[in-house]
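# Remarks on the overall topology
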Number of protein chains: 2
Amino acid sequence: MNTTPVPQRVAEGAFEDMLSADQFKAAFRNHPAGVAVVTADPGDGPVGLTATSVISVSANPPLLVFSLSAFSSAAPALARSETVVVHLLGAENVGLAKTFATSGIDRFADTESWSRLVTGEPVLAGASTWLRGRIVNRMEAGDSTVIAVQVLQAQIADAEETPDPLVYHNRTWHSLGEQSELAQPTRS
Amino acid sequence: MNTTPVPQRVAEGAFEDMLSADQFKAAFRNHPAGVAVVTADPGDGPVGLTATSVISVSANPPLLVFSLSAFSSAAPALARSETVVVHLLGAENVGLAKTFATSGIDRFADTESWSRLVTGEPVLAGASTWLRGRIVNRMEAGDSTVIAVQVLQAQIADAEETPDPLVYHNRTWHSLGEQSELAQPTRS
């Protein structure tokens, strides 16, 4: 095939020819993601949401990013929050993932399931790994905001006690373990 | 547990107490991700890299985000690129994922494995789903740049022909399918 560099030529007006929302969603149905619950409290009560958009972007300084939809019930409170706690969920936490993805309920109604850090943020007892951080940047992106968090503190499960992680894919919950591991392929 | 909102109080100086890079990496080892290859050509040759940071952030307009390390060999060319192609990989593409994550090789040496869109960007023949888009925003984040892409065009595999997706977790490649699906839990 052609290996000669060809200058990029984008047809005039092509920048307006966006993909439809339905096609975009269909493409991403095939892109799995780890599952997190982000919590915060700007001072007037706890908020939280399930997020499948948490990514690690920099180790030094330690920065993660997540995407917050303007339609999320937690969006107004997160816009006023300076700090958040990001819980990375295991398969055993699928109940938390569902609770924090459900609209119209009090996601903190089960008062046995959470407490507060000394710094005030809500923390979920069931999550073995969480990171507390300060929001350091925000980027508007269509109907969402991409939020950058500098991590200050974390609870990390021991390697032996780390639960199998929870994965969301094509509207279904999955878990990773030996049963999902790819056989070592021959070198290609 | 305490449900009374407690005002956030962050100790003076706590903002400097960042998590160490090693601890941060250990925490994210438990956070799986779908796998993509991002390609571009600013006009002087194709570049590409494997990314486990591609997230969907907005459906209307269709926007995705990925994180680009300053240490990636593709970083200088991507800084000059206006458009990219994001390939969402299936388990059958693990060879591509490895090739585009390997340093010091010509990642486009196999000229049978890729071609060019009429707009000039390199496209990988083996990937059944890809999205072409224009870079619309960049956010500096430590040693990386978070890049926002507005999607203009896509190739999406038919639902029946969609391969099982590739997942990266704890330095291992996984695939999702019926074997990884969580049993429908009782409502909690």
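The text that follows walks through the structure, step by step, so that each part is easy to find. (Residues numbered from 1 in each chain as written. Chains lettered and ligands numbered in written order. Predicted model: local features only at pLDDT ≥ 70, side-chain atom pairs only at ≥ 80, totals over all residues.)

## Observations concerning the environment of Arg138 of chain A
All names here are of chain A. Structurally, the position occupied by Arg138 is in strand 9 (residues 129–141). Arg138 gets classed as partly exposed once you count the C-beta atoms within 10 Å, which come to 14. Between the C-alpha atom of Arg138 and that of Ala148, which follows or precedes it by 10 residues, the distance is 6.1 Å. The residues touching Arg138, leaving out its near neighbours within four places in the chain, are Thr145 and Ile147. (Helix = DSSP H or I, 4+ residues; strand = E, 2+ residues; numbered from the N terminus. Buried ≥ 20, exposed ≤ 12 C-beta atoms within 10 Å, placed from the backbone. Contact = placed C-beta atoms within 7 Å.)

## Digging into the interface of chain A and chain B
Between chain A and chain B, the residue contacts involve 89 residues of the former and 89 residues of the latter. Top element by residues in the side of chain A that touches chain B is strand 10 (residues 144–155) of chain A. It accounts for eight residues. Along the lines of polarity and charge, the residues of the side of chain A that touches chain B split into 44 nonpolar, 34 polar and 11 charged. (Nonpolar A, V, L, I, M, F, W, Y, C, P; charged D, E, K, R; others polar.)

## Quick notes on the pairing of strand 9 of chain A
All names here are of chain A. Taken together, the six bridges between strand 6 (residues 83–88) and strand 9 define a ladder with antiparallel strand orientation. When the sheet's bridge partners are listed, Thr83 is paired in strand 9 with Arg134. When strand 9 meets strand 10, the two strands line up antiparallel, connected through 11 bridges. Across the sheet, the residue bridging to Gly133 is Val151, located in strand 10. (Pairing = 2+ DSSP bridges.)

## Here we look at the sheet that holds strand 3 (residues 47–51) of chain A
Judged by pairing direction, the sheet is antiparallel, and its seven strands sit side by side in the order 3-2-6-9-10-5-4 (chain A) without closing on themselves. In this open sheet, the two strands that pair with only one neighbour each are strand 3 and strand 4 (55–59) of chain A. With strand direction ignored, the average angle separating the axes of adjacent strands in the sheet is 35°. Both strand 5 (residues 62–69) of chain A and strand 10 of chain A contribute to a ladder of seven bridges, which runs antiparallel. Bridging from a neighbouring strand, Leu68 of chain A pairs with Thr145 of chain A of strand 10 of chain A. In the packing of helix 1 (residues 21–28) of chain B onto the sheet, the strands contacted are strand 4, strand 5, strand 6, strand 9 and strand 10 of chain A, and the crossing angle to strand 4 of chain A comes to about 165°. (Axes fitted to C-alpha atoms, helices over the stretch in contact; angles between N-to-C directions.)

## Here's the deal with the sheet that holds strand 5 (residues 62–69) of chain B
The strand order across the open sheet built from seven strands is 3-2-6-9-10-5-4 (chain B), with neighbouring strands paired in antiparallel fashion. Looking at strand neighbours, the two that pair on one side only are strand 3 (47–51) and strand 4 (55–59) of chain B, the edges of this open sheet. Strand-to-strand twist across the sheet, computed as the mean angle between neighbouring axes with direction ignored, equals 35°. Those strands touched by helix 1 (residues 21–28) of chain A are strand 4, strand 5, strand 6 (83–88), strand 9 (129–141) and strand 10 (144–155) of chain B, and its axis lies near 165° from that of strand 4 of chain B.

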